[in-house]
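The chain contents come next:
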Amino acid sequence: SIMNILTSLADVPEPFPPSVVTLGNFDGVHLGHREIFRRLLQKADSRLETVVCTFYPHPLKVLYPERAPLLLNTREERQRLIAASHVGWLVEIPFDRKFACLSPEEFVDQVLLGRLNMQSLVVGYDYAFGNNRRGDVDFLKKYGSEKGFDVEVLQPVGAEGQIYSSTRIRELLGEGHVAEVVTLLGRHYNMQGRVVSGFQRGREMGFPTANLVTDKELLPAAGVYVVKVRHGDQEYGGVVNIGSRPTFGGGETTIEAHLLDYRGSLYGESLRGYF
């Protein structure tokens, strides 16, 4: 079954069937998020529609750009990864200042109950939304008992003593620990990039490299990484050098990739590298 992706509340079919909803930013779509989606499907038990409700752009990018995190996923990646959990609907609410003015009560009434016909809500233990994060777990439980929906709060889950957390994944990548994020993400950190210049002499590496540009916001720390590179349905071993080229007004990140055993031009081609 194909997940329905709605990028506007106006696109939500009316009347919407009774549903179980989860609410969050789900950046990284890590193992903790996937646990939430699994619980959503269990609760729905094929009687209810399953809805992942999130925002685009990330609320902090609109409200406090200087505090906004660099995201682990592009919009397209997040959609693809959520779809892989077999939920029925992804509702990406366009987030702007006007929307930010809704009180938590108005958001629950107008969106979750009014548009999505929510019977039941599943959230992570630390989720909070709205002005001053007033729409937290305590608020949702209290409001749910008034309005007749139940709220299930998933306690933190983790592996090897580490809680599954987007913040922790960002920290590890920032330190260059790409192997350690696998136990939190459930997969290798990866990025899609387009080759923007032909093979040059790789300055650091001493063999021909291709320069990549990517929409990915968060790259691992500067350094040289072993990667698997997928090009179409071919897979190559490779090495990626993430560096910074000093330019006026700060360093610009450079991504140089070398594919082992590859001959030919990749100019303009799209590659995905798995760290």
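Here, every reference points to the structure presented above.
What counts, and at which threshold
- Residues numbered from 1 in each chain as written.
- Predicted model: local features only at pLDDT ≥ 70, side-chain atom pairs only at ≥ 80, totals over all residues.
- Heavy atoms only, no water.
- Salt bridge = Lys/Arg side-chain N within 4 Å of Asp/Glu carboxyl O.
- Buried < 20%, exposed > 50% of the residue type's maximum accessible area, 1.4 Å probe, protein only.
- Helix = DSSP H or I, 4+ residues; strand = E, 2+ residues; numbered from the N terminus.
- Pairing = 2+ DSSP bridges.
- Right-handed = clockwise from strand over helix to strand, strands pointing away.
- Disulfide = S-S within 2.5 Å.
- Phe/Tyr/Trp six-rings, centres within 6.5 Å; stacked < 30°, edge-to-face > 60°.
- Lys NZ or Arg CZ within 6 Å of the ring centre and 35° of its normal.
- Polar contact = N/O pair within 3.5 Å; in protein donor to acceptor, adjacent residues only side chain to side chain.
- Axes fitted to C-alpha atoms, helices over the stretch in contact; angles between N-to-C directions.
- Parallel < 35°, antiparallel > 145°, perpendicular 65-115°, else oblique.
- Left-handed = near helix turned anticlockwise from the far one by under 90°.
- Contact = heavy atoms within 4.5 Å.
- Nonpolar A, V, L, I, M, F, W, Y, C, P; charged D, E, K, R; others polar.
- Core = buried A, V, L, I, M, F, W, Y, C linked by side-chain atoms within 4.5 Å.
- Arc of directions from axis to C-beta.

K.L.:
Tell me about the pattern of salt bridges, and please be specific about residues and values.
P.N.:
As enumerated under the stated definition, the model contains 18 salt bridges in all. Residues Arg47 and Asp45 are paired through a salt bridge, measuring 3.9 Å at the closest nitrogen-oxygen approach. If you follow the salt bridges from partner to partner, you end up with Arg39, Lys43, Asp150 and Glu152 in one network.

K.L.:
Quick one: what's the story with the pairing of strand β3 (residues 49-56), residue by residue and with numbers?
P.N.:
The buried fraction of β3 amounts to six of the eight residues, a majority that puts the element mostly inside the structure. Where strand β2 (residues 19-23) meets β3, five bridges bridge the pair, whose relative direction is parallel. By the bridge assignment, Ser19 is partnered in β3 with Glu49. Bridging between β3 and strand β4 (residues 89-94) involves six bridges; their strand directions are parallel. Paired with Thr54 across the strands is Glu92, a residue of β4.

K.L.:
I'd like a rundown of the pairing of strand β6 (residues 150-154), residues and numbers included.
P.N.:
Among the five residues in β6, four count as buried, and that is most of the element. Bridge analysis of strand β5 (residues 118-124) against β6 gives five bridges, and the strand direction is parallel. Bridging from a neighbouring strand, Val122 pairs with Glu152 of β6. Handedness of the crossover joining β5 and β6 through helix α6 (residues 137-147) is recorded here as right-handed.

K.L.:
Provide a residue-level description of the state of the cysteines, including the pertinent values.
P.N.:
What the rule picks out here adds up to zero disulfides. Here Cys53 is not cross-linked by a disulfide; its sulfur's nearest cysteine counterpart is in Cys101, at 18 Å. Taking relative accessible area as the criterion, Cys101 reaches 66% and is therefore assigned exposed.

K.L.:
Would you mind going over the packing of aromatic side chains in detail, with residue names and values included?
P.N.:
Taken as a whole and judged by the stated rule, the model has 13 aromatic pairs. Ring geometry for Phe95 against Phe99: centres 5.9 Å apart, planes inclined by 70 degrees, an arrangement best described as edge-to-face. With a relative accessible area of 11%, Phe95 lands in the buried category. For Arg67, the ring lying beneath its charged end belongs to Tyr64, and the centroid distance is 4.3 Å. Cation over ring: Arg75 sits above Tyr56, and NZ or CZ is 3.7 Å from the ring centre.

K.L.:
Any details on the side chain of Arg170? Residues and values, ideally.
P.N.:
With respect to the helices and strands, Arg170 occurs in helix α7 (residues 166-174). Accessibility expressed as a relative area gives 17% for Arg170, which makes it buried. Side-chain polar atoms of Arg170 contact the side chain of Asp27, separated by 2.6 Å.

K.L.:
If you had to explain the packing of helix α5 (residues 104-115) against α6 to someone new, which residues and values would you point to?
P.N.:
Where α5 contacts α6, the two axes come as close as 11 Å, and the packing angle between them is 55 degrees. As far as their axial angle goes, α6 and α5 are oblique. Where α5 crosses over α6, the two elements pack in a sense that is right-handed. Judged by residue contacts, Pro104, Glu105, Val108, Asp109 and Leu113 of α5 engage Phe139, Leu140, Tyr143 and Lys147 from α6. A breakdown of the residues in the contact of α5 with α6 according to their chemical character gives six nonpolar, no polar and three charged.

K.L.:
Tell me about the nonpolar core, residues and numbers included.
P.N.:
As a rule of thumb, soluble globular proteins bury nonpolar side chains together. Residues Leu23, Ile93, Phe107, Leu112, Leu116, Leu121 and Val123 are the most contacted members of the largest nonpolar core, which totals 33 residues. Secondary-structure elements contributing two or more residues to this core are β2, β3, β4, α4 (97-100), α5, β5, α6 and β6. Beyond its immediate chain neighbours, meaning those up to four positions away, Leu112 contacts Val21, Leu23, Cys53, Phe107, Asn117 and Met118. Judged by nonpolar contacts, the second largest core, of 30 residues, contains Leu72, Leu173, Val229 and Ile242.

K.L.:
So what's going on with the sheet that holds β6? Residues and values would help.
P.N.:
The strand order across the open sheet formed by six strands is β1-β4-β3-β2-β5-β6, and the pairing between neighbours is parallel. One side of each edge strand has no neighbouring strand; the edge strands of this open sheet are β1 (4-6) and β6. Ignoring which end each strand starts from, the neighbouring axes of this sheet average 20 degrees apart.

K.L.:
Report on α6, specifying residues and quantitative values.
P.N.:
Those residues of α6 that fall on the buried side of the exposure criterion are Val137, Phe139, Leu140, Tyr143 and Gly144. Here the buried residues of α6 occupy an arc of 150 degrees about the axis, which is enough to place them on one side. In α6, the exposed positions that point more than 90 degrees away from the buried face belong to Asp138, Lys142, Ser145 and Glu146. Here the buried face of α6 lies against α5, β5 and β6. The first or second residue beyond α6 is Gly148, which carries a positive phi of 85 degrees.

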